[in-house]
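For reference, the chains in residue letters:
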Amino acid sequence: MKKTHHTTEQVIRILREAETSGQNHEAICRAHNISTQTFYRWKSKYGGMGLPEVQRLRELERENADLKQLLADQLLKNKALEIALEKKRLSPERQRIIAAKVQVALACSGRAVCRWLSLSRGRLNYQPKPLPERKQKLELEIVRVSQAHPTLGYKKITRKLVELGYCVNKKQVQRIRREEGLQVPPPKPRQRRRGVSTGLPQQAGHPNHVWAWDFVSDYTERGGRLRAFNLIDEYTGECHCIHVDRTLKAEAVLQVLQGAMARHGAPEYIRSDNGPEFIAQVIQRWRREHRIKTIYIDPGCPWQNGYAESFNGRFRRECLNRELIYTWSEGRVVFEDWRRYYNTERPHRSLGLQTPAQFAKNRGVQGSGSSRATPALHRNLESEQNNNKPKPPEIVSSQVV
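Sequence order sets the numbering: in each chain, residues are counted from 1 along the sequence as written. Local features in this predicted model are restricted to residues whose pLDDT is 70 or higher, and side-chain atom pairs enter the listing and the counts only when it is 80 or higher, whereas totals over whole chains, interfaces and linings include all residues. Side-chain metrics rest on all non-hydrogen atoms present in the structure, leaving aside hydrogens and water.

## Here's the deal with the overall build of the chain
Argument step 1. A tally of helices and strands in the chain yields 17 helices and five strands.
Argument step 2. The classification of residues rests on relative accessible area computed with a 1.4 Å probe and restricted to protein chains. Under 20% of the type maximum is buried, over 50% is exposed, and intermediate values are partly exposed. Taken across its 401 residues, the chain has 36% of its residues classed as buried.
Argument step 3. The contact criterion used is simple: two residues touch if any of their non-hydrogen atoms lie within 4.5 Å. In the chain, the proportion of contacts linking residues at least 24 apart, taken out of those at least 6 apart, comes to 64%. Only DSSP runs of H or I with at least four residues qualify as helices, and only runs of E with at least two residues qualify as strands; both kinds are numbered from the N terminus onward.

## Remarks on the packing of helix α6 (residues 92–106) against helix α7 (residues 110–117)
Argument step 1. Orientation of α6 relative to α7, taken along the N-to-C sense of each, is 120 degrees, at an axis distance of 10 Å. Considered as vectors, α6 and α7 are oriented oblique to each other. The handedness of the crossing between α6 and α7 comes out as right-handed. The segment α6 lies against α7, with Ala99, Val102, Gln103 and Leu106 engaging Gly110, Val113, Trp116 and Leu117.
Argument step 2. Looking at the contact of α6 with α7, its residues break down into six nonpolar, two polar and no charged. Axes, fitted as lines to C-alpha atoms, cover a helix only where it is in contact. Angles between the N-to-C directions of the axes lie from 0 to 180 degrees. Throughout, the term roughly parallel applies to angles under 35 degrees, roughly antiparallel to angles over 145, roughly perpendicular to angles from 65 to 115, and oblique to all others. Here is the rule for handedness: rotate from the far helix to the near one, and if that takes an anticlockwise turn smaller than a right angle the crossing is left-handed, while a clockwise turn gives right-handed. For this classification, Asp, Glu, Lys and Arg are treated as charged, while Ala, Val, Leu, Ile, Met, Phe, Trp, Tyr, Cys and Pro are nonpolar and the rest, including Gly, are polar.

## Examining the confidence of the model for the chain
Argument step 1. Per residue, pLDDT captures the predictor's confidence, and it can take any value from 0 to 100. Averaged over all residues, the pLDDT of the chain is 77; the fraction at 70 or higher stands at 77%.
Argument step 2. By mean pLDDT, the top-scoring element of the chain is helix α10 (residues 154–163) (91), and the lowest-scoring one is helix α17 (residues 378–388) (45).
Argument step 3. Confidence drops under pLDDT 50 across residues 365–385; counting only partners more than four residues distant or on other chains, this segment forms 34 contacts.
Argument step 4. The low-confidence segment residues 388–401, where pLDDT is below 50, has zero contacts with residues more than four positions distant or belonging to other chains.

## Some points on the sheet that holds strand β5 (residues 293–296)
Argument step 1. Strands sit in the order β3-β2-β1-β4-β5 across an open sheet of five strands; the sheet is mixed. Single-partner strands in this sheet number two, and they are β3 (239–245) and β5. Between one strand axis and the next, the sheet turns through 20 degrees on average, direction left out of account.
Argument step 2. By the convention used here, strands pair only if DSSP detects at least 2 bridges between them. Pairing of strand β1 (residues 210–219) with strand β2 (residues 225–233) involves nine bridges; the strand directions are antiparallel. Note on β2: the bridge partner recorded for Phe215 is Phe229.
Argument step 3. Lying on the sheet, helix α14 (residues 306–320) is in contact with β1, β2 and β3; it crosses β1 at an angle near 35 degrees.

## A word on helix α1 (residues 8–20)
Argument step 1. Take the number of residues in a helix, subtract one, and multiply by 1.5 Å to get its expected span. Its 13 residues place the ends of α1 18 Å apart at the C-alpha level, agreeing with the 18 Å of an ideal helix rising 1.5 Å per residue.
Argument step 2. Those residues of α1 that sit buried are Val11, Ile12, Ile14, Leu15 and Ala18. Relative to the axis of α1, the buried residues are bounded by an arc of 160 degrees and lie together on one face.
Argument step 3. Where α1 ends, the next residue or the one after it, Gly22, has phi of about 85 degrees, a positive value. This arc is built from the directions going out from the helix axis to the C-beta atoms.

Have a look at this one:
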């Protein structure tokens, strides 16, 4: 795994894009899927690099501006005709904006612009009516919620707005986000594996039925190793913990697992790969004592642990790739905040656009797993059962006199 998610050349290109494109830093961060904190850390660290290239680029831009001023009127007219002959059909508002730019650049009349661009004078002189106050507030709220949740799509943003009490259509949210440039960049296409899964067909049917655990590895900005232990409930999709440390052995995994079970109850099955932390003797001994079954996937078949792999992908895309972590202590704080956001605020389409916490609350009374005793109570229950067993009758020996 690479030490950082972006090379130095990529960081400098992003900073140059922020300086030359005229866009605000929020749009740059959204386009490259990084957080605002990461952008400013890059700027403070790499902002002084590549100054000769930047100065040369600015000189070329000034020369280009001077050449544009020296162009003839005929060249500007040809440019206007090229705009009119674009294959992509422009909206009336966009046509008015382009016509105004051409009119300023050529210092010509509105009649000439309409003749060159094949526009009607009514469309050029049309003044759009101001939006009602209610729609203005709704658009501002859509922008605010989208900026507060930069990794969510328009359907999930619509769900958040409905929860806030707004009556809004998802197509309206999609249109406004497109106009404001708030779309989430699509994920890169990945090569999907082909073949028939040979794993056990065990599927969660209620809360605390099947848990899944896995590791995610990364590196801090200072070069130290970072390892996160993720534990999720496959039925509710709820993340019970994200434990971060330099290294995690079987004893540490067992301690984290016991803490999660003390808070949420004991599962019936635990799904994992065949890593050394999961097949250690201490884990196997503890599992047998607490009557917890395991489901191990086949070697080299991560798709059999699909829930954990899907969560790891979201965790890496929405948290690890967006944040610049300096120490593992900072990572604990950032990851715990994201875990709470994932459980309580982020809606899931697989759960009917509910958060995992809401789904778990609605399903908390269903299934036998929710009322199952924690492992700490197993020995107490066994001792009570042994004490309540009827004792065999005593045999009294009689002596013959």
